[in-house]
Amino acid sequence: MSKERELSKRSGSKCELCAATENLKVYEVLPTKKGGIDEAIMACSTCIEQIENPGNEDLNHWRCLNDSMWSEHAAVQVVSWRMLSRLRSAGWPQELIDQMYFDEETLAWAQATGEGEEDENKVIHRDVNGVILEVGDSVVLIKDLKVKGSSMVAKQGTSVRNIRLDHENAEYIEGKVDGQTIVIITQYVKKL
């Protein structure tokens, strides 16, 4: 069964955030580990558009999170927490966040994109040109890099997809090169 069909069945052919029934798509909740349905949700184009474009949120649209935050599926809970965190200055989202409970692994997943951190506390990752890097971005190496602890050399021009960020150091990102996860210094990458 395809991921789309499984998610459609799980969601009852509704957006798992706002319960809309039109323009539904599979939305991968980054960062993913296995890429299965446990790391994705069925969402409408309105929700996806507002998730992917911070600053364009319709506050009233997101009142739906009052219900979806209680979903039994971790991916739905994670997206609910991220959106509530983004909107918390409105007051009511903070009250809902205070009611949520996550195990350590799910909370780490929710916080992996830096959502919910105060702007002055966020570690911002930038590529060689100063472009901000986000979880899930693709980058290209701008020089050959010797990988410490191995004989591997990551060649210039190699693209690294679905990067992860080190939330304690703005100079480090992680990504897979030739099937091996490596740490890469941001000054040696350019965002695609």
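Residues numbered from 1 in each chain as written. Predicted model: local features only at pLDDT ≥ 70, side-chain atom pairs only at ≥ 80, totals over all residues. Heavy atoms only, no water.

Draft legend 1. How the structure looks around the domain arrangement of the protein chain. Partitioning the protein chain into domains gives domain 1 (3-111) and domain 2 (139-191). Using C-alpha coordinates to define each centre, domain 1 is positioned 30 Å away from domain 2. (Domains from an automatic or database assignment.)

Draft legend 2. Summary view of the environment of Ser8. Within the secondary structure, Ser8 sits in helix H1 (residues 3-11). Residues Ser8 and Lys190 lie 182 residues apart in sequence; the distance between their C-alpha atoms is 37 Å. With near-sequence residues (within four places) excluded, Ser8 lies in contact with Ser13 and Met42. (Helix = DSSP H or I, 4+ residues; strand = E, 2+ residues; numbered from the N terminus. Contact = heavy atoms within 4.5 Å.)

Draft legend 3. Inspection of the environment of Val153 at higher detail. Along the chain, Val153 falls in strand E7 (residues 153-154). A sequence separation of 102 residues divides Val153 from Ile51, and the C-alpha atoms of the two residues are 37 Å apart. Among residues more than four places away in sequence, those in contact with Val153 are Asp144, Leu145 and Lys146.

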